[in-house]
Amino acid sequence: MRVRLAATERTAILQEMAAKPLDLLVIGGGITGAGIAWDAVLRGLRVGLVEKQDFSAGTSSRSTKLIHGGLRYLKQGEFRLVREVGRERAIVYRNAPHVVHPEPMLLPVVKGGSLGRFSASFGVWLYDRLAGVNKAERRRVLSREEALAVEPLLPAERLKGAILYTEYRTDDARLTLEVLKAAATRGALAVNYAEAVDFLYEKGRIAGAVVCDRLSDQYYELRAACVVNAAGPWVDRLREKDGSLAGKRLHLTKGVHLVVPHERFPVRQAVYFDVFDGRMVFAIPRDGKTYIGTTDTDYHGPLEHPEVTPEDRDYLLRAVGDMFPTVHLRPEDVESCWAGLRPLLHEEGKAPSELSRRDEIFLSPTGLITIAGGKLTGFRKMAQRVVDLVCRRLAEADGRRFGPCITDRTPLSGGDVGGPEGLSAAVRRWARDGETQGLSPAEAERLARRYGSNTPAVLEGIGRAREAAARHNLPLDLALEVLYGVEEEMAVTPVDVLLRRTSLLLFDRPRCEAVADGVVRWMAELLGWSAEEVARHCRELARELDHARRAGMAQEASKKEGEEGATPTKGAQ
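In this text, all values refer to a predicted model and were calculated from it rather than measured experimentally.

Asker: For the pattern of salt bridges, give the residues involved together with the corresponding values.
Answerer: This model, assessed by the stated rule, comprises 49 salt bridges. A salt bridge links Glu 489 to Arg 174; the shortest N-O distance between them is 2.5 Å. Placement of the pair is Glu 489 in the loop between α14 (476-488) and α15 (494-501) and Arg 174 in helix α6 (residues 172-185), with a sequence separation of 315 residues. We note that Glu 489, like Arg 174, is buried. Measuring nitrogen to oxygen at the nearest pair gives 3.0 Å for the salt bridge that ties Glu 445 to Arg 449.

Asker: How would you sum up the nonpolar core? Please name residues and give values.
Answerer: By size, the foremost hydrophobic cluster in this structure holds 147 residues, and its most contacted members are Leu 24 and Ile 36. Not counting residues up to four positions away in its chain, the partners in contact with Leu 24 are Ile 36, Ala 40, Leu 45, Arg 46, Val 47, Gly 48, Ala 224, Cys 226, Val 228 and Val 390.

Asker: Quick rundown of the packing of aromatic side chains? Include the residues and the values.
Answerer: Evaluated as defined, the whole model comprises 10 aromatic pairs. Residues Phe 199 and Tyr 201 carry aromatic rings whose centres are separated by 6.4 Å and whose planes lie at 75 degrees to one another, so their mutual orientation is edge-to-face. A relative accessible area of 6% means that Phe 199 is categorised as buried. For the pair Tyr 451 and Tyr 484, a centre-to-centre distance of 5.3 Å together with 75 degrees between the ring planes defines the contact as edge-to-face. Of the two residues, Tyr 451 sits in helix α11 (residues 441-451) while Tyr 484 sits in helix α14, which places them 33 residues apart along the sequence.

Reading the values: the criteria
Every chain is numbered independently, its residues counted from 1 as its sequence is written. Only residues with pLDDT of 70 or above have their local features reported here, since the model is predicted, and side-chain atom pairs are shown and tallied only from 80 upward, although totals for entire chains, interfaces and linings are computed over all residues. To get the side-chain values, take all heavy atoms of the structure and skip hydrogens and water. By convention in these notes, a salt bridge is any Lys or Arg side-chain nitrogen within 4 Å of a carboxyl oxygen on Asp or Glu. By the criteria applied, helices consist of DSSP H or I runs no shorter than four residues and strands consist of E runs no shorter than two, each listed in order from the N terminus. In this scheme, a residue with accessible area under 20% of its type's maximum is buried, one over 50% is exposed, and one in between is partly exposed, where area comes from a 1.4 Å probe on protein chains only. In plain words, nonpolar cores are sets of buried Ala, Val, Leu, Ile, Met, Phe, Trp, Tyr and Cys residues tied together by side-chain atoms within 4.5 Å. When checking whether two residues touch, look at their non-hydrogen atoms; a contact exists if any pair is within 4.5 Å. In this scheme Phe, Tyr and Trp rings, the latter by its six-membered ring, pair at centre separations within 6.5 Å, and the angle between planes marks the pair as stacked below 30 degrees, edge-to-face above 60, and tilted otherwise.

The following block contains the structure:
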């Protein structure tokens, strides 16, 4: 069954949502909202989902891009959280092995660090058991000499040893898309750039939402028996609109990541290391780059575009320099960066890094259901709790009965490869198909690994993509991804494609800049843009590229401009 997520069908999908009442309207197209829609539609509910930006444009594309159990949460006594998300990690890996990959992780133990060798070893041992880690991936305790052999960049004079264990790396934006596509394949109706601007009520009870299509300025009344607020950092704004913002509230913290060329920071595998203020930071190699993060600071600024400040940048560069003394990163080494917001639950008197990552459901007197907090790894279990509640409410209202949650044993879109053990053979098969149709071996394998069992659907467009690649001077594989992104993943703008469908903007900015014009022209063909629309999308993409490239130096540049009497450039709205 094909996915119904074409960019050209957005209006038709909104009209279909408005034509007949939904069982469930989900507000928020990040990983939590996507998971709720997927679980609910599998149980037989009529489901609609709206997202005011692009799918995953908020927190769900700006994480550390790990599916992990949260080793550091053991320090906070969050044993239940570690157990749950650790076991969830195994489920997500089994159901989507094309977007979740085992990643060896090194935990150095150094003199003066927050963990001694015994406590680090015991902590990872406990983590393995709580999370149900299989024997092949359980921790190994390394001596100082063994640790240096694994990672020569570590500080020999301070190093006492290390723990080697396994985490899982993901592409968070693509994981969110695969969840949404799995929901859409089963009949869920989902639209991006559609903002819930008001709620509908009947006799004081919530009965739906007024939704504005931000691309056409058309308004729709979407009626639903249940409404779930899964808007991440925006959930309190919706609670305020509902008149139910009382008691517990969000506490937003900001996490920043930097991307540098791997040759400037050539770690051999991912490293999770102590920093000078008692926190811990990741350094993770990916696609010829190394990304470093994260920070954890209180945030009170605009939700749509959190900035990377010079202080954020310098904190991470100093952290790297302290643990890897032969690595001398400079601000100019930073090729791109991103900042994401964590929608945590406020706890009086606690610093950002001390706040719990647990999730919680808030119930409004009007009937609005809000889900807040949580972690990327735990999205499926969070969704299950919400949908259990929705099903109980529907059963009380009209007597219907719904089946149990089955997302723990249902592959995601692209994940129908026979589990992790079947992935390699499937990738080889689909890569051969791609090669026979004109892709290079490297291009064909990369597409097969990214799209999993959706690779045949991607390759169906190769004839059209080949012609477009010639017209617009695009690599054939990227022309294919643009076509698939528009027709199967509701990519509406070049930024949607280059930032969230392919991650080129973050992890290969020079290539992104080289292909940007061709991507805009190819999308203009597919979506029928006017010359004015083409110009607008070019400006938007240029702003996003500049934001990724100059973030961290933006405040310094702005300050300098102000001192010189210059007018600051107006940012994206």
